[in-house]
Amino acid sequence: MPPTDNQGSFLNRISIRRNQVVYEHEIEDLEQFQKHVADRLSELLPPSSHADELAAVDPPETLLSIAWFRRLLDAFLCCEAEFKAVVIMGRDAANFAKSPLDRLIPEHLDRTVKALDICNAITHGIDLLLHWQKLAQIAVDSLQQRPIGEGHVKRARKALNTLLSSITIDDKENHHHGKAAAAAAKDHATIGNLRSLSYCFARSWSASKQIQAMSSNLVAPRGGEPTGLVIPVYLMSFVLVFVMWAMVAAIPCQERTGLGAHLQLPKQFQWAHPMIGLQEKIGELWKKKEKKGRSGLLDETQRLEKLGRNIVEFADGFTFPVEAEKAAEVEEQVAEMVEICQKMEELVPLQLQVRELFHRIVRSRAEALDVLDQMSERDRSLPIRRYPSCIVSQKCITFSFALCKRVFSSSYKTYINIDIVVQNRSCRLLPTSTMGEPQKVIFQVCLHDCRSQRKAMKAISKVIGEFWINSIEVDVDGNNLTAVGVFDLICGHRKLKKVCKKTKIKSVEIVKPEEPKKEEPKKEEPKKEEPKKEEEPKNPVWHYQPPYNPCYMPQPFYVAVEETPHCCVIF
Amino acid sequence: MEPPENDSQTAQQIILRWDSTASQLPMIFQGDRQEIDRYLQAVDQIQTSIQSTTLSEDDGVDSQSTNAIQIAMARLEDEFRNILITNSTPIDTESLTESVSSAHLTPRTSTDNDEYTTRGEDEALPRDPSSSLLQRIGSSNKFVNCRSMNSIREQDLIPPESISDLRCIAQRMITAGYFRECVQVYGSVRKSVVDGSFKKLGVEKLSIGDIQRLEWEALNAKIVRWIRAAKVCIRVLFASEKRLCKQIFEDLGTAADDACFMETVKGPAIQLFNFAEAISISRRSPEKLFKILDLHDSLLDLLPDIDDVFDSKAAESISIQVTEILSRLAEAARGMLSEFENAVLREPSRVPVPGGTIHPLTRYVMNYISLISDYKQTLGELIVSKPATASRLSGDSNSPDIDFTDHEGQSPLALHLIWIISILHFNLEGKSKHYKDNSLAHLFIMNNVHYIVQKIKSSQELRDMIGDNYLRILTRIFRQAATNHQRATWIGVLHCLRDEGLHSTGSFSSGVSKSALRERFKSFNAIFDEVHRTQSLWLIPDEQLREELRISILEKLIPAYRSFLGRFRNHIESGRHPENYIKFSVEYLETAVLDLFEGYAVNQHSRRRSQ
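Residues numbered from 1 in each chain as written. Chains lettered and ligands numbered in written order. Predicted model: local features only at pLDDT ≥ 70, side-chain atom pairs only at ≥ 80, totals over all residues. Heavy atoms only, no water.

Trainee: How should the overall build of chain A be read in this particular structure?
Mentor: When helices and strands are tallied, chain A shows 19 helices and five strands. With the model as given, the accessible surface of chain A reaches about 23500 Å², and the carbon-plus-sulfur share is 53%. (Helix = DSSP H or I, 4+ residues; strand = E, 2+ residues; numbered from the N terminus. Areas by Shrake-Rupley, 256 points an atom, 1.4 Å probe, with all protein chains shown as cover.)

Quick look at the structure:
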């Protein structure tokens, strides 16, 4: 049975059964969400398995390289943001009280806790990688000295030996932890051995066990039962497990033995296919790795290890002067190592990204918990909607509201430009850079009278979350609505759709692009051809860069202390 | 040209003599001072010769010199490590706990410090819920002390002469371009020392999952211990490490001291704060509030010192993390307060408390509130919004309606307290409906609201926060309940004692209808007996209130009965069997009323016989 049919029929069923309850657009959102997850993940597949035109556009990074991981995390952050917007935010708790979800959501939350631990362990592992990078850098630096002398070679050899023993010890420890490793560490008594001995958790903690625990109770929902939210929750759990699994496989992490090479993948869902592809590839590599007993699947580490061995070999047989042939060979290897070292510089942002991941998971967990608590608290139903407790956004919203009103009452214009300079407010908000890049989004709308325009602007200004909007514009004939600011695109789209059903996202661009090629419409062409329902937005611009920021600041609680009267008003 | 050449050759010889790869040699720096100086001098000499030859492009000499310098550096690296390892005793925690805990104790005990340090650890942990209340109050006092007493105190981790040796070596290594090696060696050795200190301080490596699984009681103890450990870690351990880095690496270029410091401390610091982070994201429940506040307080208190210690660019992430944790803890505290409000509002028990006495919920909530007032300072900073009242859920009959305009000018926290009390009252009103006897329901409300008022009055802080305004409202509520109770009970009794209906109809003053009068006395006796029997089972725990209510009853009942008796006694006594109709004397009523609200059954017959 082709998986597409299955999914389609499933969604149709929901829409028939719950027609009165769930609005059309909500179902569409959920469907979109699944599609986007699949899209994002399939971008990560290496080109060989995929259509040719993809490779032509943008040569993707090597599987399991640092750059690949950065993209993987980006993709995950996007999924997470959309998941939050679609599934959790602004939803009535009653939705979660029903049969499968009341079990699924707590299970998902359990998984997130484990994921948080893994994040911490990974952060720790990245520190170890950075340590290796420094050692490699020593070797590279001394081998690049001209003219090369015996001293330089010796120095490089020493550093590389330390590096290699650190890698293998780290590995040995994974296999028979305890005395053997300690003894080995004593034998070498070199730099870095001590480091690998200190782990961030108690000895009994094991990454592979965590992964196992995360995936063990992850069972695909059966086709018939669920409400619309079951699949997204399951999907999200799944993506979470997958990402964690990939990271544990690649980055040195406490106690990885017994990490399964396979995850139970639900073949019947379309969104799972790219993941299955990735998983098979990584699983193969992992099996090979386990036999050889080497450390970490990370592309850079493996290459580093290989090069290290070669260069040490060369250094062992080093006599002065060097033969020209050999020198050239070594030079090549050194150059490669330089390149790897440069790539490994990316580890620092990767580490920050892991941290950001951590924060995101914490935040959506907190929000989900809020909803759950609310659910358990009340036996009689209250008409409460619980919104995330973000202070800044509420302030901004009221503020922009006021401005909207003023503009509209003062003059009758078709071209309206509201520019809200939030920073001028008495409460000093965080500078834009700490909250993510401002983006300029153009929505294609159909707003021909003043009233609907006003409604639309109200709606977009109500986008909730820790975001703000700098300006909203509706152009003369009411076909385009441009919003500039730091806000959740998906949320905005949802809000707008309530006003104007035909709203589509026309374009998204980051106002101050950090990485220039980020938002190029890479691949909308092949996707667009697929026959979809009539309301499909023209192009899947969903791969917007997540508001990821290197210097992450949390919820602005200083602002709260100053004057905001809303921080406890969660419900 | 000759002399420098010779010099450099002798220098090379010195270095080759100490080649650590060639043979097992003792450490230079454990030996003769002169030898050390000679060696360092030799290294310097070769270093300068390399620098000069790079200009003159003399291949042969250069190769020799670089070789020599490599050997020297390997040697120096070993020396460096050796010095560090010989000086790697973990931090002296004994003296630290003493100094930190004596800081708390100075106001209480200043003589028996030594004894306290050993036992103090266990004593500070709350044993059971009843004592934990006192403990919490005690601990909040403690913080005031900490704030004034505690600050960064560095210790000497390594004796000064070793420091100067280390500095000599570090200087050579950095000049020769061996900066990275130097940092690596330093970091790895010192880090293991810090790990050792962590073990001594009892900083555990717990994962977030572990912490989520822990029982609250156990976690409670861990939080107390963590707070103490964190203080030592920041103010003594990390600060001393920082100073050590400064002493060894200051002015050696390329921010060596910061790099070394971070290399040493980053991992441990992350490990330390992981615990607080895990606490800050754990599930919220009201009973955790005060421990969370303790944690928040102490972190906030530590924050300036953390900023001080981690002030470099590389260390920024640590202080950012702490700020994040703080804001999350604050958020958690807010969440817990509103959770508490919800819990109070929705507390579902429906079984009425026998005797209309104080409901356990009332006691619990009031104790909680007085704890909140103990944490007034912290919570006052955290709670900045008015409570979410019924106005937002308009049309909702499941929560009380309160207008905060009456309480303008009060802090948000105070408004929250008022709100909690009013939802408590609301909930109690709901519970009172489950009493079958209306009069008992009123008594129940009276008792509970009176308890609330007394509780507020007993604590000056609470009283200041709640304000006289609201206190008056509460007083009015329980007075009203008392009146209602009396009305509900005694109106039937007094009804029997009225004049109307006794005079035979139609005729003017022909006299009193005897049968009606007998009926009246009979029903009075029956009702009073009933009231006496039931209501002596009821309970007013507060003595004064009980007394007041009895007096108020007597004031109404006795004059009415006396005058009724005075007017109609003759009619009954002139008939047959007067004792069947006039059962109670005025004096008996007076004593009988004193039986009311004591909470236990009285044997009426024995009492009557003794009359």
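Trainee: Looking at this model, I keep getting lost on the overall build of chain B. Mind explaining?
Mentor: Within chain B, the secondary structure is distributed over 22 helices and zero strands. Taking all contacts inside chain B whose residues are at least 6 apart in sequence as the whole, residues at least 24 apart take part in 81%. With the model as given, the accessible surface of chain B reaches about 26900 Å², and the carbon-plus-sulfur share is 51%. (Contact = heavy atoms within 4.5 Å.)

Trainee: Got a minute to help me understand the state of the cysteines in this structure?
Mentor: Two cysteines whose sulfur atoms are joined by a covalent bond form what is called a disulfide. Considering all chains together, one arrives at zero disulfides over all chains under this definition. Cysteine Cys78(A) shares no disulfide, and the gap to the nearest cysteine sulfur, in Cys79(A), comes to 6.8 Å. The thiol of Cys245(B) is unpaired, and the distance to the nearest cysteine sulfur, on Cys260(B), comes to 5.5 Å. (Disulfide = S-S within 2.5 Å.)

Trainee: Any chance you could explain the packing of helix H17 (residues 438–458) of chain B against helix H18 (residues 460–495) of chain B here in plain terms?
Mentor: Helix-helix packing: each pair is described by the crossing angle between the helix axes and the interaxial distance. Residue and element names in this part refer to chain B. Direction vectors running N to C along H17 and H18 enclose 160°, while the axes themselves pass 8 Å from each other. One way to sum up the angle between H17 and H18 is to call them roughly antiparallel. When you trace H17 past H18, the crossing you get is left-handed. A breakdown of the residues in the contact of H17 with H18 according to their chemical character gives 16 nonpolar, nine polar and three charged. (Axes fitted to C-alpha atoms, helices over the stretch in contact; angles between N-to-C directions. Parallel < 35°, antiparallel > 145°, perpendicular 65-115°, else oblique. Left-handed = near helix turned anticlockwise from the far one by under 90°. Nonpolar A, V, L, I, M, F, W, Y, C, P; charged D, E, K, R; others polar.)

Trainee: Whenever I open this one, the pattern of salt bridges confuses me. Can you help?
Mentor: In a structure, side chains of opposite charge can pair up when their charged atoms sit close to one another. Taken as a whole and judged by the stated rule, the model has 35 salt bridges over all chains. Taking the shortest distance from any N to any O, the salt bridge between Glu336(A) and Arg303(A) comes out at 3.4 Å. Here the residue Glu336(A) occupies a position in helix H13 (residues 324–344), and Arg303(A) occupies one in helix H12 (residues 299–316), the gap between them amounting to 33 residues. The exposure class assigned to Glu336(A) is partly exposed, which follows from its relative accessible area of 29%. Ionic pairing is found between Arg81(B) and Asp78(B), a salt bridge with its closest N-O pair at 3.4 Å. With Arg81(B) and Asp78(B) both in helix H3 (residues 59–86) and three residues apart, the pair spans about one turn of that helix. Ionic contacts of the salt-bridge type, sharing partners, join the residues Lys158(A), Glu77(B), Asp78(B) and Arg81(B) into one network. (Salt bridge = Lys/Arg side-chain N within 4 Å of Asp/Glu carboxyl O. Buried < 20%, exposed > 50% of the residue type's maximum accessible area, 1.4 Å probe, protein only.)

Trainee: Explanation requested: the environment of Pro266(A) in the structure shown.
Mentor: Residue and element names in this part refer to chain A. Positionally, Pro266 belongs in the loop between helix H10 (230–250) and helix H11 (272–292). In this structure, the C-alpha to C-alpha distance between Pro266 and Ala220, residues 46 residues apart in sequence, is 6.4 Å. Setting aside its immediate chain neighbours within four residues, Pro266 contacts Ala220, Tyr234, Phe238, Trp271, Ala272 and Ile276.

Trainee: In this structure, what is going on with the UniProt feature "transmembrane region" (unreviewed entry) in chain A? I would like to understand it.
Mentor: According to UniProt, the positions carrying the feature "transmembrane region" (unreviewed entry) are residues 229–251 of chain A. Taken end to end, residues 229–251 of chain A is 91% helix and 0% strand, and its first and last C-alpha atoms sit 33 Å apart. (UniProt positions renumbered as here; feature names shortened; annotations may be inferred.)

Trainee: For this particular structure, what's the right way to read a positive patch on the surface?
Mentor: Residue and element names in this part refer to chain A. Side chains of Arg451, Arg454, Lys455 and Lys458 sit close together on the surface and give a patch of like positive charge. Residue placement: Lys455 occurs in helix H16 (residues 450–461). Residue class for Lys455 comes out partly exposed when judged on its relative accessible area of 44%. (Patch = residues over 30% accessible without salt bridge, like charges linked within 9 Å, V, L, I, M, F, W, Y side chains within 5 Å. Lys, Arg positive; Asp, Glu negative; His and termini not counted. Charge placed at Lys NZ, Arg CZ, Asp CG, Glu CD.)

Trainee: I keep staring at helix H16 (residues 412–432) of chain B and nothing clicks. Help me out?
Mentor: One turn of the α-helix equals 3.6 residues, which is why residues spaced by three or four share an orientation. In this model H16(B) runs 30 Å from its N-terminal to its C-terminal C-alpha over 21 residues, within 8% of the 30 Å that 1.5 Å per residue would give. Taking burial as the measure, the 21 residues of H16(B) include 17 buried ones, the bulk of the element. (Expected span 1.5 Å × (residues − 1).)

Trainee: I tried to follow the nonpolar core on my own but got confused; where do I start?
Mentor: The tendency in soluble globular proteins is for nonpolar side chains to be buried side by side. Formed by 292 residues in total, the largest nonpolar core has its most connected members in Met244(A), Phe238(B), Phe249(B) and Phe310(B). When residues of this core are assigned to their parent elements, the largest contribution, 22 residues, is made by helix H5 (residues 99–143) of chain A. What Phe249(B) contacts, discounting residues up to four positions off in sequence, is Phe80(B), Arg167(B), Ala170(B), Ile174(B), Cys182(B), Tyr186(B), Ala256(B), Asp257(B) and Cys260(B). Of all hydrophobic cores here, the second largest spans 15 residues; its members include Ile472(A), Leu496(A), Cys500(A) and Ile505(A). (Core = buried A, V, L, I, M, F, W, Y, C linked by side-chain atoms within 4.5 Å.)

Trainee: It is not clear to me how the confidence of the model for chain A should be interpreted in this structure. Could you clarify?
Mentor: In low-pLDDT segments, the atomic positions of the prediction should not be examined closely. Residues and elements named next belong to chain A. A residue-level look at chain A finds 53% of positions with pLDDT of 70 or above and a mean pLDDT of 64. Counted against residues more than four places away or in other chains, residues 172–197, with its pLDDT under 50, gives 50 contacts. Counting interchain partners and residues more than four positions distant, the pLDDT-below-50 stretch residues 513–571 has 150 contacts. (pLDDT = per-residue confidence, 0-100.)

Trainee: What should I look at first to understand unusual backbone geometry in this one?
Mentor: Across the chain, the bulk of peptide bonds are trans and the bulk of non-glycine residues have phi less than zero. Phi at Phe597(B) is positive, roughly 60°, even though this residue is not glycine. Taking relative accessible area as the criterion, Phe597(B) reaches 0% and is therefore assigned buried.

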